[in-house]
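Residue strings, one per chain:
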Amino acid sequence: GEHRAETERLARQPWLEEQAARLAAAAAGRDADAVRKLCQGTDAVQLSGMLQSRLGTRGMVAILVVDRTGLVLASENPASCGQRLRSALFRQKIDRALDGAPQFVRPHPDPELSIEGTNGRRRPVAWTIAPILAGTGPAPVALDLLPKLGEGFTTEIGRFNLELNLPPSLLGPGALRAMETALD
């Protein structure tokens, strides 16, 4: 809820619409090396920085601006620049978002939809995707945000449930209030 609303709010910002449309136009028809340089250039780095600074939620692990072909045009992670997302599930969700319907991507064991945890193992995570409109017609690019959930979050049975594991504690007076506080 909160992260999806944040993604949609950001995607409607005129400054983002303008900069993302310029990046999409500049990347059109270019080869992977040229797009990688564009993504690591001043405009894309500035765009990523502006997105990070304007997030109202507690932070994001990943921020991507992606075109309809799955090409990463801007990212806070230079290694993602110019890469083409290949996950069929993610690409399907991006297509739906670019057609105007914001999307939520549940945690899924696909390596492209996961991040590396502090233990070095990859773990599935949830993404929110919203279209970045520029005028009328279909959106040229989408904003993809990966919320920062912390190490306590994990998937259960590797697909659909999100679980948070709290450290063990004694059940006694105030125990449930302490758990609630830990979740905030």
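Residues numbered from 1 in each chain as written. Predicted model: local features only at pLDDT ≥ 70, side-chain atom pairs only at ≥ 80, totals over all residues. Heavy atoms only, no water.

Engineer: Account for the overall build of the protein chain, with residues named and values stated.
Structural biologist: When helices and strands are counted, the protein chain shows 6 helices and 9 strands. The burial tally for the protein chain puts 39% of its 184 residues in the buried class. Counting only contacts in the protein chain whose residues sit at least 6 apart along the sequence, the fraction spanning at least 24 positions is 56%. A total accessible area of about 10,200 Å² is found for the protein chain, and carbon and sulfur atoms account for 53% of it. (Helix = DSSP H or I, 4+ residues; strand = E, 2+ residues; numbered from the N terminus. Buried < 20%, exposed > 50% of the residue type's maximum accessible area, 1.4 Å probe, protein only. Contact = heavy atoms within 4.5 Å. Areas by Shrake-Rupley, 256 points an atom, 1.4 Å probe, with all protein chains shown as cover.)

Engineer: Tell me about the pattern of salt bridges, and please be specific about residues and values.
Structural biologist: Taken as a whole and assessed by the stated rule, the structure comprises 3 salt bridges. Glu18 serves as the salt-bridge partner of Arg22, at 3.0 Å between the closest nitrogen and oxygen. In this pair, Arg22 and Glu18 are both assigned in helix 2 (residues 14–27), 4 residues apart and thus about one turn of the helix distant. (Salt bridge = Lys/Arg side-chain N within 4 Å of Asp/Glu carboxyl O.)

Engineer: So what's going on with the state of the cysteines? Residues and values would help.
Structural biologist: A complete count under the given rule lists 1 disulfide for this structure. Sulfur-sulfur distance for the disulfide between Cys39 and Cys81 comes to 2.3 Å. On the sign convention where negative is left-handed, the bridge of Cys39 and Cys81, at about -60° about the S-S bond, is left-handed. One end of the pair, Cys39, is in helix 3 (residues 32–39); the other, Cys81, is in the loop between strand 2 (72–75) and helix 5 (88–98), with 42 residues separating them in the sequence. Judged by its relative accessible area of 2%, Cys39 falls in the buried class. (Disulfide = S-S within 2.5 Å.)

Engineer: Tell me about the packing of aromatic side chains, and please be specific about residues and values.
Structural biologist: Evaluated as defined, the whole model comprises 1 aromatic pair. Seen from their ring centres, Phe90 and Trp127 are 5.3 Å apart, and the 65° between their planes marks the pair as edge-to-face. Here Phe90 is found in helix 5, whereas its partner Trp127 is found in strand 6 (residues 127–132), with 37 residues between them in sequence. You'll find Phe90 and Trp127 in the same group, each marked buried. (Phe/Tyr/Trp six-rings, centres within 6.5 Å; stacked < 30°, edge-to-face > 60°.)

Engineer: Help me get a handle on the packing of helix 2 against helix 4 (residues 42–53), residues and values and all.
Structural biologist: Packed helix pairs are characterised by how far apart their axes lie and by the angle those axes make with each other. Contact pair helix 2 / helix 4: the axes reach a minimum separation of 11 Å and the direction vectors enclose 150°. Classed by the angle they form, the pair helix 2 and helix 4 counts as roughly antiparallel. Two packed elements cross with a definite hand, and for helix 2 against helix 4 that hand is left-handed. Along the contact surface, helix 2 presents Trp15, Leu16, Gln19 and Leu23, while helix 4 presents Asp43, Ala44, Gln46, Leu47, Met50 and Leu51. Per-class residue counts for the contact of helix 2 with helix 4 are 7 nonpolar, 2 polar and 1 charged. (Axes fitted to C-alpha atoms, helices over the stretch in contact; angles between N-to-C directions. Parallel < 35°, antiparallel > 145°, perpendicular 65-115°, else oblique. Left-handed = near helix turned anticlockwise from the far one by under 90°. Nonpolar A, V, L, I, M, F, W, Y, C, P; charged D, E, K, R; others polar.)

Engineer: I'd like to hear about the nonpolar core, residue by residue, with values.
Structural biologist: Formed by 25 residues in total, the largest nonpolar core has its most connected members in Leu16, Leu47, Leu51, Val65, Ile132 and Leu143. Among the elements of the structure, helix 1 (2–11), helix 2, helix 3, helix 4, strand 1 (60–67), strand 2, strand 6 and strand 7 (141–147) are those that each provide at least two residues to this core. Looking at this core, the element that brings in the most residues is helix 2, giving 6 residues. Not counting chain neighbours up to four residues away, the residues in contact with Val65 comprise Ala20, Leu47, Leu51, Leu71, Val72, Leu73, Ala74, Ile132, Val141, Ala142 and Leu143. Judged by nonpolar contacts, the second largest core, of 18 residues, contains Leu85, Ile115, Val125 and Ile129. (Core = buried A, V, L, I, M, F, W, Y, C linked by side-chain atoms within 4.5 Å.)

Engineer: Can you lay out helix 2 for me, pointing to particular residues and giving the numbers?
Structural biologist: Taking 1.5 Å per residue as the helical rise, helix 2 with its 14 residues ought to reach 20 Å, and the 20 Å between its terminal C-alpha atoms agrees with that figure. Among all positions in helix 2, only Trp15, Leu16, Gln19, Ala20, Leu23, Ala24 and Ala27 are buried. Looking down the long axis of helix 2, one finds its buried residues gathered within 155° of arc, a one-sided arrangement. In helix 2, the exposed positions that point more than 90 degrees away from the buried face belong to Pro14, Glu18 and Ala25. Immediately beyond the C-terminal end of helix 2, within one or two residues, lies Gly29, with a positive phi of roughly 75°. (Expected span 1.5 Å × (residues − 1). Arc of directions from axis to C-beta.)

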